[in-house]
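# Notes for the structure review
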Amino acid sequence: MDKKIGGIVNLLMEDYAKGRVIDENKMFAYPDKDVVIDILEKLKVVIYPGYYRNSNYRTYTVRNNISILLEDIIFNLMRQTAIVLRYAPKYENADAGFIESESERITFAFLETIPKIREYIETDIQAFYEGDPAAYNKDEIICTYPGLYAIFSNRIAHELFLLGVPLIPRIMTEHAHSLTGIDIHPGTTIGKYFFIDHGTGIVIGETTEIGNNVKIYQGVTLGALSTRGGQNLRGKSATRRSATT
């Protein structure tokens, strides 16, 4: 058995040496998805401080809880951002000190957008409540509606996207996609009072611009319907919506 296993290992080592994309070793140059998702979940507590809590911490006031959460978010977001900045051309050859200072700058710039994110999400909750006769109360919407979770994740990811952070925003929105069936690119611009009804099968592309007071039903695609142009379509397929879809 050991000989057979050794033979397979040798076979794989030879295969790994072919120099293809799938052969690259980026174990320490790629963000940790679990950490990124944990950051997203901790930000959910920050966005909704009275609805969620982190069971790892025992705190007795909102201020103490948020302070502890923010320290954790800052530490991990700075580390993950420092890793992914190398994927942006402007940072490709930057020294470690500059990368570290930029990751700190970006992290705090993002955190300063949280009040804006909360302002927009408050309007989204109102849109859900007014638009869905099956919603008994807003608590039910916050705790159970997949559409709101997808919007929350996108609003977080979009701010990081605007700050030029590679990879991390997409990890966040793809996590929400895997949970909800709603695929919103972090580059999508979304106005206030956005309501996703049901949501399964919704796809919203990077260059889509959604105005205020928009409702989208399941099975809707906004953006390019054909990708035959491949990379030639990058940034060119804009879609604007300002009414119910």
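Predicted, not measured: the structure shown is a model, and the values here were computed from it. (Residues numbered from 1 in each chain as written. Predicted model: local features only at pLDDT ≥ 70, side-chain atom pairs only at ≥ 80, totals over all residues. Heavy atoms only, no water.)

## A word on helix α7 (residues 146–162)
Helix length check: α7, at 17 residues, gives a terminal C-alpha distance of 24 Å against a target of 24 Å (1.5 Å per residue), a fit within 8%. The buried fraction of α7 amounts to 14 of the 17 residues, a majority that puts the element mostly inside the structure. One or two steps after α7, the chain reaches G164, where phi turns positive at roughly 80°. (Helix = DSSP H or I, 4+ residues; strand = E, 2+ residues; numbered from the N terminus. Expected span 1.5 Å × (residues − 1). Buried < 20%, exposed > 50% of the residue type's maximum accessible area, 1.4 Å probe, protein only.)

## Some points on unusual backbone geometry
Of note in the backbone geometry, Y193 takes a positive phi value of approximately 55° without being a glycine. In this fold, Y193 is placed in the loop between β2 (189–190) and β3 (194–197). For Y193, a relative accessible area of 33% gives the class partly exposed.

## Quick notes on the pattern of salt bridges
A full pass over the atoms with the stated rule returns 11 salt bridges. Here K18 makes a salt bridge to D15, at a shortest N to O gap of 3.2 Å. Classification of K18 by relative accessible area gives exposed; the value is 56%. Among the charged side chains, a network of salt bridges with common partners joins D15, K18, R20 and D23. (Salt bridge = Lys/Arg side-chain N within 4 Å of Asp/Glu carboxyl O.)

## Topic: helix α5 (residues 114–131)
Taking 1.5 Å per residue as the helical rise, α5 with its 18 residues ought to reach 26 Å, and the 25 Å between its terminal C-alpha atoms agrees with that figure. When we look at burial in α5, the residues that qualify are I114, I117, I121, T123, D124, I125, A127 and F128. Tucked inside the fold, the buried residues of α5 contact α2 (33–47), α4 (96–111), α6 (138–144), α7 and β3. (Contact = heavy atoms within 4.5 Å.)

## Quick word on the nonpolar core
Residues I156, M172, F194 and I216 are the most contacted members of the largest nonpolar core, which totals 59 residues. Counting residues per element, this core draws most heavily on α7, at eight residues. Excluding residues within four positions of it along the chain, M172 makes contact with V36, I39, L40, S153, I156, A157 and L160. (Core = buried A, V, L, I, M, F, W, Y, C linked by side-chain atoms within 4.5 Å.)

## Section: the environment of V220
As for its position among the elements, V220 is in the loop between β6 (214–217) and β7 (221–222). Looking at V220, the relative accessible area reads 15%, which means it is buried. Separated by 21 residues in sequence, V220 and G199 place their C-alpha atoms 8.5 Å apart.

## Some points on the sheet that holds strand β4 (residues 203–204)
For sheets, the rule is that strands pair by backbone hydrogen bonds, running either parallel or antiparallel. One open sheet accounts for three strands, arranged β1-β4-β7; its pairing is parallel. Two strands bound the open sheet, and with one partner strand each, they are β1 (183–184) and β7. Direction of pairing for β1 relative to β4: parallel, over a ladder of two bridges. Across the sheet, I184 pairs through a bridge with I204, a residue of β4. (Pairing = 2+ DSSP bridges.)

## Quick word on the side chain of K215
The residue K215 is located in strand β6 in this model. Side-chain polar atoms of K215 contact the backbone oxygen of G131, separated by 3.4 Å. (Polar contact = N/O pair within 3.5 Å; in protein donor to acceptor, adjacent residues only side chain to side chain.)

## Some thoughts on the packing of aromatic side chains
Any aromatic ring pair is given by two values, namely how distant the centres are and how the planes are angled relative to each other. Throughout the structure, instances matching the rule amount to five aromatic pairs. Pairing Y91 with F98 gives two aromatic rings, centres 6.0 Å apart and planes at 35°, and the pair type is tilted. By relative accessible area, Y91 is classed as buried at 3%. Here the aromatic residues Y48, Y149 and F152 are joined through ring pairs into a cluster of three or more. Directly above the aromatic system of Y120 lies the positively charged group of K116, at a separation of 5.9 Å from the ring centroid. In this structure, K192 is placed above the aromatic ring of Y120, and the distance from its NZ or CZ to the ring centre is 5.3 Å. (Phe/Tyr/Trp six-rings, centres within 6.5 Å; stacked < 30°, edge-to-face > 60°. Lys NZ or Arg CZ within 6 Å of the ring centre and 35° of its normal.)

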